[in-house]
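Each chain, letter by letter, is given below.
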Amino acid sequence: MNTFEKDGQYVAHTYARFPLQIVSGKGSVLVDSQGKEYIDLGTGIAVNTFGTADGEWIEAVTDQLKKFSHTSNLFYSSPCADLAEKLCQRTGMKRVFFSNSGAEANECAIKAARGFAAQKWGKDRHVIVTLNNSFHGRTITTLAATGQEVFHKDFTPLTPGFISVPANDIEAVRQAVKEYDAIAVMFETVQGEGGVLPLEESFVQGLAQLREETEVLLIADEVQTGNGRTGRLYGYMNYEILPDIVTTAKGLGGGLPIGATLLGERVQDVYQPGSHGSTFGGNPVACAGALNILNRINDALLADVRKKSEFIFDTLSQAEGVISVSGMGLMIGVETVGDAKEILAKCRERGVIALTAKNKVRLLPPLNIPMDLLEQALAVLKDAIALCAIAK
Ligand SMILES: *Cc1c(COP(=O)(O)O)cnc(C)c1O
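For every chain, the first residue of the written sequence is number 1, and numbering continues from 1 onward in sequence order. Reporting in this predicted model follows two pLDDT cut-offs: at least 70 for local features of residues, and 80 or more for side-chain atom pairs to be given and counted; totals over whole chains, interfaces and linings ignore these cut-offs and use all residues. As a convention, hydrogens and water are excluded, and side-chain values are obtained from all of the structure's heavy atoms.

Any details on the overall build of the protein? Residues and values, ideally.
Summing up its helical and strand segments, the protein has 13 helices and 17 strands in all. Between the two quantities, the radius of gyration covers C-alpha atoms and the globule rule is 2.2 Å times the number of residues to the power 0.38. Here the C-alpha radius of gyration of the protein, 21 Å, is about what a compact globule of 392 residues would show, namely 21 Å. Projected onto its principal axes, the C-alpha positions of the protein cover 60 × 50 × 45 Å. Within the protein, contacts between residues at least 6 apart in sequence are counted, and of these 73% link residues at least 24 apart. A 1.4 Å probe and the Shrake-Rupley method give the accessible areas. Residues count as covered only by the protein chains that appear here. On the protein, roughly 17,600 Å² of surface is accessible, and the fraction owed to carbon and sulfur atoms is 52%. The secondary structure listing takes helices from DSSP runs of H or I that are at least 4 residues long and strands from runs of E that are at least 2 residues long, numbered from the N terminus. Throughout, a contact is declared for two residues whenever any of their heavy atoms are within 4.5 Å.

Structure representation (structure tokens):
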């Protein structure tokens, strides 16, 4: 059996995979089992922040791997402490809990909000307001937080205590917070899986105001928007607010699994020894790699991300077959006349890998993609979008 057949027989059928097998890569280029090269506009879904097989990251990871790869959280280790310090210094958050994925980072945030509310208001108050069209993960609790029925089907009953309201409707949030005596509002600053839709400025300012008035906690799910993706270190920084809890994962690890829940001032002491934990959380190898990634997301890189973003918007906004372009930084959704999946297939034929989000083409290139490769990939994408529009 080849890999396709073996996967089909033995791996759970949870993914609709592209019909290709990646065997290697370097930077913004991936190579498949036929030796064909692709420019990567997907980064393993916003994970490979500096592309594939990045030299500096490999060095940071292997240096740690040679020392020790795991100790358990019964011992102190410097990569975990160093990474937590850096995350706090650069965000204003106070403490970090490390886990291994976005869903776990969100579970920790939800648990922190509930713990905070129980300690402050008693356990009758526990509802968390989320937004329609959101995505917060695949566990039973983060599915409950996810405001898209399509993910809930067949898996109910989900964890109680979540209510979702339309995004960008501050009155709806206000009303839900009042009606349910809610303890927190959880949101992505750019809804990723929901179609790469940034929240409106006035709505986010409204959330900040609501927090002042009602003490409701703000939980920013920065699993996809975090770590430089939107042109700022975290997506919320585009709105100049400070959430109470920030979750992240994907791009933080640069290619290894890591999740982080950043606890702000109000909730910093909600967890005590024994109240939360993770066997692999704070893994030294993952943290050493993440520290390298975080240190390289500096002002110059972020300015470059914003410049490339503008270039993509300019190139695609007026292109034939494009209906609209949305997103922020290097997290971009393209609404097209033609079918997004057909456009991706055409792109792959011509050596470019991109993703979808709902019915849109989604672009998540490496933050350091060289300009010439970006131009080349966009030319291919533009052609594919135009061709599929004509076919329609
Ligand atoms: C991907 C994603 C998650 C889930 O992360 P996993 O690592 O797959 O568990 C949660 N929230 C958002 C916004 C995401 O994009």
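Back to the text.
Pulling in residues and values, what's your account of the confidence of the model for the protein?
Values of pLDDT, ranging from 0 to 100, describe the predictor's confidence in every residue of the model. Chain-level statistics for the protein give a pLDDT mean of 97 and a share of 100% at 70 or above. Within the protein, the lowest mean pLDDT, 93, falls on helix α7 (residues 149-152), and the highest, 99, falls on strand β11 (residues 245-248).

Outline the pattern of salt bridges, listing residues and values.
A carboxyl oxygen of Asp or Glu within 4 Å of a side-chain nitrogen of Lys or Arg is what we treat as a salt bridge. Considering all chains together, one arrives at 15 salt bridges under this definition. Its salt-bridge partner being E215, residue K120 comes within 3.7 Å of it at the nearest N-O pair. Of the two residues, K120 is situated in helix α5 (residues 102-121) and E215 in the loop between α9 (201-214) and β10 (217-221); the sequence distance between them amounts to 95 residues. R174 is the salt-bridge partner of E171, the closest N and O atoms lying 3.9 Å from each other. One end of the pair is E171 and the other is R174, both in helix α8 (residues 170-180) and 3 residues apart, which spans about a single turn.

Break down helix α11 (residues 299-317) for me, citing the residues and quoting the values.
Given a helix with a known number of residues, its expected span is that number minus one, times 1.5 Å. Between its terminal C-alpha atoms α11 stretches 27 Å, which fits the 27 Å expected from 19 residues at 1.5 Å a residue. In this fold, the buried residues of α11 make contact with α10 (284-296), β13 (322-328), β14 (331-336), β17 (360-363) and α13 (371-391).

Residue-level account of the site of the ligand, with values.
The nearness test applies per residue and asks whether one of its heavy atoms lies within 4 Å of the molecule or strand. Lining the immediate environment of the ligand, one finds S101, G102, A103, N106, F135, H136, G137, E188, D221, V223, Q224 and K250. Whenever a nitrogen or oxygen atom comes within 3.5 Å of another N or O atom, the pair is scored as a polar contact, on the condition that within protein one atom can donate a hydrogen and the other can accept it, and that pairs from neighbouring residues in sequence are kept only if both atoms are in side chains. Residue Q224 places a side-chain N or O atom 2.8 Å away from an oxygen atom belonging to the ligand. Between the ligand and K250 there is a distance of 2.7 Å, counted from an oxygen atom to a side-chain nitrogen or oxygen. Relative to its free-state accessible area of 390 Å², the ligand is covered by the protein chains to the extent of 81%. When residues in the shell around the ligand are grouped by element, the largest group, 3 residues, is from α5. Polar here means any residue outside two lists: the nonpolar Ala, Val, Leu, Ile, Met, Phe, Trp, Tyr, Cys and Pro, and the charged Asp, Glu, Lys and Arg; Gly therefore counts as polar. In the shell around the ligand, the residues fall into 3 nonpolar, 6 polar and 3 charged.

Can you break down the side chain of S134 residue by residue, with the values?
By the secondary structure assignment, S134 is in the loop between β5 (128-131) and α6 (140-145). Among the polar contacts listed, one links the side chain of S134 to the backbone oxygen of L131, at a separation of 2.7 Å. Within polar-contact distance, the side chain of S134 engages the backbone nitrogen of G147 at 2.9 Å.

Talk me through the packing of aromatic side chains; I want residue IDs and the actual numbers.
The criterion for an aromatic pair is that two Phe, Tyr or Trp rings (for Trp, the six-membered ring) have centres within 6.5 Å, with stacked assigned to planes under 30 degrees apart, edge-to-face to planes over 60 apart and tilted to the rest. Taken as a whole, this structure holds 3 aromatic pairs when the rule is applied. Judged by centre distance (5.3 Å) and plane angle (65°), the rings of F135 and F151 are edge-to-face. One end of the pair, F135, is in the loop between β5 and α6; the other, F151, is in helix α7, and 16 residues separate them in sequence. Only protein chains enter the accessibility calculation, which uses a 1.4 Å probe; a residue whose area is less than 20% of its type maximum is buried, one above 50% is exposed, and one in between is partly exposed. Residue classification places F135 among the buried positions, given a relative accessible area of 16%. For the ring pair Y234 and Y236, a centre distance of 6.5 Å and an interplane angle of 5° mean the geometry is stacked. Placement of a charge over a ring requires the Lys NZ or Arg CZ to be within 6 Å of the ring centre, with the centre-to-atom vector within 35 degrees of the ring normal. For the cation-ring pair, R125 lies above W121, with the distance from its terminal atom to the ring centre recorded as 3.8 Å. Just above the ring of F50 sits the side chain of R296; from NZ or CZ to the centre is 4.1 Å.

Could you give an account of the sheet that holds β14, naming the residues involved and the relevant values?
Across a sheet, strands are paired by hydrogen bonds formed along the backbone, either parallel or antiparallel in direction. When DSSP finds two or more bridges between a pair of strands, those strands are recorded as paired. Taken together, 4 strands build an open sheet; the order of strands is β13-β14-β17-β16 and the sheet is antiparallel. Looking at which strands have only one partner, the edges of the open sheet turn out to be β13 and β16 (355-357). Strand-to-strand twist of the sheet, defined as the mean angle between neighbouring strand axes without regard to direction, takes the value 30°. Sheet analysis places β13 next to β14, joined by 6 bridges and oriented antiparallel. Pairing of S324 across the sheet is with E335, part of β14. The convention used is that axes are lines fitted to C-alpha atoms, helices contributing only their stretch in contact, and that angles between N-to-C directions extend from 0 to 180 degrees. Its contacts with the sheet place helix α12 (residues 340-349) against β14, β16 and β17, and it is angled at close to 45° to β17. The strands touched by α13 are β13, β14 and β17; relative to β17, the strand with the most contacts, the crossing angle is about 175°.

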